[in-house]
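Structural characterization, general
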Amino acid sequence: MRFPEIGLGTWAWGDRRTWGMGGYDRSYGPDTIREAYRASVDAGVTFLDTAEVYGHGESERIIGGLLREDPDRAARVTIATKFLPVPWRIPMRRRLRAALEASLRRLGVPRVGLYQLHGPISLRSASVLAEALAEAVRDGLTGAVGVSNYGADEVRAMHAALARHGVALASNQIEYSLLRTVPETSGLLRACRDLGVVVLAYSPLAQGRLTGKYSASAPPLGARTFSNYPMAEVAPVIEALHDVGARRGKTPAQVALNWIVRKGAVPIPGAKSRAQAEQNAGAAGWALEPDEIATLDRVALPGRRTLMSRLWQHG
C-alpha cells in the first residue's frame, strides 16, 4: 500500500485513562474531534490509525461515526487498526479474524487498509501469526498487514513468514521521535528500510513534550509514559526546535514531525482540535536542510526504558 508523508493517530479519541486525569481532557470532546477529523482530511491527512484497545473500542466507534456522517470525506480515508495478540487469544486464526470483524463493525466498513499486530507478545510463532494475517488479506478484510513495536529480528522473521504466503509486510509501527532515537542506533530503521517495510512513528511529538506547550514548571498531565524525560532534560531539544522553526516560519511541532519525515518514516501524531490538525498538516510539503537535521540530531535523546517499552521489547 502507499503511505502518505503524515498520518493521524487516534489513540486519544476515546482513551480516558492516558489523555486526562481520570477523564477526558476538558479542552476537547466530540465537536473538537469532528473538527480535527475534517481539518485533517481537508489538508490531505487521510491515513487514520486506531486499535481495538484504544478506549476498549471507543476510538474505532468514534471513527465509524465520523465516516457515516460524512461520506464525501470518508471516501478519501484509509483506516488502519490493530489486533492485540496476547497469548491467551487462541486459536490464533479464529481469534484474529473475530477481532478484525469486530473492528470492522465498530468502524462500519467492509475492510480496512491496514491491519497490524499490536506487539510481539504472542507465544505463537511468526509462521502462525503470518498465516492468520495472510488469511485476512486473502479474504478481503484488509488491504495490507503490518506489525507494531517489533524489533529488527522480529521484523525479519515476520517478513519471511508472510512472504511464504505471498503477502508483503507493509509496516512496523514504533515509538520514534527526537526523544526516542534508539531505533536509529539499534539497527531497526535499517532493517525496515532494507526489507521495504514502512516505519510508522507513533508518539512523534513525545505525547506533547515536543510541541513547546510544556515546560519543567508545567509538565504534561495524565499517564503519558512514552518518551518520559523530565521537561528540564527536554529543554535543549525544545530550544533547537524553536530556533530552526523561527528561521522556517514553522512551529516546534512541525519541525519535529518534518525531522521524522526526513528520516524516512511516517509520523502519526494525534489531533484533538482543528488547530492541532492544521499544525500537523503544516509539517508536510517541505524539507529540513541537512544542517538543520544535524542540529536536531545533536540534541536528540535516545529514549528511556519504561514499563511499556520493556513490554513491547521494540528498538
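**Comments concerning the confidence of the model for the protein**
Of all residues in the protein, 90% attain a pLDDT of 70 or more, and the chain-wide mean is 91. Segment residues 19-24: pLDDT under 50, and 16 contacts once partners within four positions in sequence are set aside and those in other chains are kept. Note that residues 306-315 has pLDDT below 50 and, in this model, 32 contacts with residues that lie over four places away or in other chains.

**With respect to the packing of helix α9 (residues 231-248) against helix α12 (residues 290-299)**
In contact at an axis separation of 9 Å, α9 and α12 are set at 165 degrees when each is read in the N-to-C sense. With respect to their mutual orientation, α9 and α12 come out roughly antiparallel. The way α9 lies across α12 gives a crossing that is left-handed. Residue-level inspection shows Pro-236, Val-237, Ala-240, Leu-241, Val-244, Arg-247 and Arg-248 of α9 in contact with α12, the latter providing Glu-292, Leu-296 and Val-299. For the contact of α9 with α12, the residue count by class is 7 nonpolar, no polar and 3 charged.

**Observations regarding the sheet that holds strand β8 (residues 266-267)**
Spatially, β1-β2-β3-β4-β5-β6-β7-β8 is the arrangement adopted by the 8 strands of the open sheet, whose pairing is parallel. The strands lining the two open edges of the sheet, one partner per strand, are β1 (8-9) and β8. Relative to strand β3 (residues 78-83), strand β2 (residues 47-49) is paired through 3 bridges, and the arrangement is parallel. By the bridge assignment for β3, Phe-47 is matched with Thr-78. Where helix α8 (residues 188-195) meets the sheet, it contacts β6 (169-175) and β7 (198-202), and its direction lies at approximately 165 degrees from that of β6.

Definitions and cut-offs
- Residues numbered from 1 in each chain as written.
- Predicted model: local features only at pLDDT ≥ 70, side-chain atom pairs only at ≥ 80, totals over all residues.
- Heavy atoms only, no water.
- pLDDT = per-residue confidence, 0-100.
- Contact = heavy atoms within 4.5 Å.
- Axes fitted to C-alpha atoms, helices over the stretch in contact; angles between N-to-C directions.
- Helix = DSSP H or I, 4+ residues; strand = E, 2+ residues; numbered from the N terminus.
- Parallel < 35°, antiparallel > 145°, perpendicular 65-115°, else oblique.
- Left-handed = near helix turned anticlockwise from the far one by under 90°.
- Nonpolar A, V, L, I, M, F, W, Y, C, P; charged D, E, K, R; others polar.
- Pairing = 2+ DSSP bridges.

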